[in-house]
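Working through the structure, step by step
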Amino acid sequence: MTDKDLLQIMQADDVEVDPEEDGETVYDFKINQHPFGHLDKYGNLYLDNYDEVISRPLSMGKQWISHWVAWAARGFRMNLRRLGKWQSA
């Protein structure tokens, strides 16, 4: 799977993509301006689920990565809503 494939997956799940020029990070990903993960120059995708940061290589394939990103984004958004309700109470 290529970076271009990953960016299409992120856009399909409404994840913001910010290119980076410094260090080992190639792209930063955000949901509602909250850091969601990043891609490093070695082809490893890191996603944050508010519990831990999980890493998977892009070599796992487009179908697997697309399902993983969709579930991670869905869980991340649910956690954002829960935190928002908890903080506003």
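The residue numbers shown here count from 1 along each chain, following its written sequence. In view of the model being predicted, local features appear only for residues whose pLDDT reaches at least 70, and side-chain atom pairs are presented and counted only at 80 or more, with totals across whole chains, interfaces and linings using the full set of residues. Note: side-chain values were computed over all heavy atoms of the structure, leaving out hydrogens and water.

1. Considering the overall build of the protein chain
Basically, it comes down to this: Segments assigned H or I by DSSP are reported as helices when at least four residues long, segments assigned E as strands when at least two residues long, and all are numbered from the N terminus. To get the radius of gyration, use the C-alpha atoms; to get the globule rule, take the number of residues to the power 0.38 and multiply by 2.2 Å. Three exposure classes are used, based on accessible area relative to the maximum for each residue type with a 1.4 Å probe and protein chains only: buried under 20%, partly exposed in between, and exposed over 50%. Contacts are residue-level and defined by heavy atoms, with any inter-residue pair within 4.5 Å sufficient. For accessible areas, the Shrake-Rupley method is used with a probe of radius 1.4 Å. Any residue's cover is judged against the shown protein chains and nothing else. Only four residue types enter the charge count: Lys and Arg as positive, Asp and Glu as negative, with His and the chain ends excluded. Charged side chains are reduced to one point each, which is NZ for Lys, CZ for Arg, CG for Asp and CD for Glu.
Secondary structure assignment for the protein chain yields 2 helices and 5 strands. Ordered by position from N to C terminus, the α and β elements of the protein chain give α-β-β-β-β-β-α. For the protein chain, whose C-alpha radius of gyration is 13 Å, the value lies close to the compact-globule estimate of 12 Å for 89 residues. Each of the three principal axes of the protein chain carries a C-alpha extent, and together these read 45 × 30 × 20 Å. By the burial criterion, 27% of the 89 residues in the protein chain qualify as buried. Counting only contacts in the protein chain whose residues sit at least 6 apart along the sequence, the fraction spanning at least 24 positions is 35%. Split by element, the accessible area of the protein chain, about 6,000 Å² in all, is 48% carbon and sulfur. The averaged location of the 15 negative side-chain charges in the protein chain is 10 Å from the averaged location of its 10 positive side-chain charges.

2. Section: the pattern of salt bridges
In plain terms, the rule: Basic side-chain nitrogens of Lys or Arg form a salt bridge, by our definition, when they fall within 4 Å of a carboxyl oxygen of Asp or Glu.
Going through the model one piece at a time under the given rule, you end up with 2 salt bridges. In this structure, the salt-bridge partner of K62 is D5, at a minimum N-O distance of 3.9 Å. Of this pair, K62 sits in helix α2 (residues 62–88) while D5 sits in helix α1 (residues 3–12), and the two are 57 residues apart along the sequence. For D5, a relative accessible area of 21% gives the class partly exposed.

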